[in-house]
Amino acid sequence: LRAIKKEIKAALPGLLDVFDSLDADQSGTITREEIAGVPITLLPPKILETTSVNSMEDMFDMLDGNETGSLSQVDFLDGLLSLLVHEMPIWALQLQKRLLPLQK
């Protein structure tokens, strides 16, 4: 548990910076259009090791499991930290995002 906390603490500032740089209109959410053409290498290497996505658009589609067309900072961080810490497969993350609204 301590190692997980340490990993999150180390990754969080960088992921917040990535989100801020992607949120071109500073709305607090990012859209697929905002990340179009952004190199996938903007993300930390460890996250890229756990996924098979080839572009930021693919990553957006994966994180936007409920298909709202936008990601809040919480959605973005939650999805990427899940990949980082739990090394969760993409299909499991997508399933989790789709089932979450059904639980409410």
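Residues numbered from 1 in each chain as written. Predicted model: local features only at pLDDT ≥ 70, side-chain atom pairs only at ≥ 80, totals over all residues. Heavy atoms only, no water.

**Some details on the overall build of the protein**
Each helix and strand counted, the protein has 6 helices and 2 strands in total. Of the regular secondary structure in the protein, the N- to C-terminal order runs α-β-α-α-α-β-α-α. Taking all 104 residues of the protein together, 37% fall into the buried category. Summarising the internal contacts of the protein: among those between residues at least 6 apart in sequence, 58% fall at separations of at least 24. Just so you have it, the protein exposes about 6,300 Å², and 56% of that area is on carbon and sulfur atoms. (Helix = DSSP H or I, 4+ residues; strand = E, 2+ residues; numbered from the N terminus. Buried < 20%, exposed > 50% of the residue type's maximum accessible area, 1.4 Å probe, protein only. Contact = heavy atoms within 4.5 Å. Areas by Shrake-Rupley, 256 points an atom, 1.4 Å probe, with all protein chains shown as cover.)

**Focus on empty space enclosed by the protein**
Applying the stated criterion across every chain, the model contains 1 cavity of 30 Å³ or more. Space inside the largest cavity adds up to approximately 40 Å³. Lining the largest cavity are L22, I30, I35, M56, M59, F60, L63, L71 and F76. Ranked by residue count, the leading element in the lining of the largest cavity is helix α4 (residues 56-63), at 4 residues. (1 Å grid on protein atoms, 1.4 Å probe; cavity = no way out; pocket = protein on both sides within 12 Å on 5 of 7 lines; lining within 4 Å. Points joined across faces, edges and corners; volume = space filled by probe spheres on them.)

**So, the pattern of salt bridges**
Considering all chains together, one arrives at 1 salt bridge under this definition. Its salt-bridge partner being D61, residue R32 comes within 2.8 Å of it at the nearest N-O pair. With R32 in helix α2 (residues 32-35) and D61 in helix α4, the pair connects residues that are 29 residues apart, well separated along the chain. Overall, R32 belongs to the partly exposed group, its relative accessible area being 33%. (Salt bridge = Lys/Arg side-chain N within 4 Å of Asp/Glu carboxyl O.)

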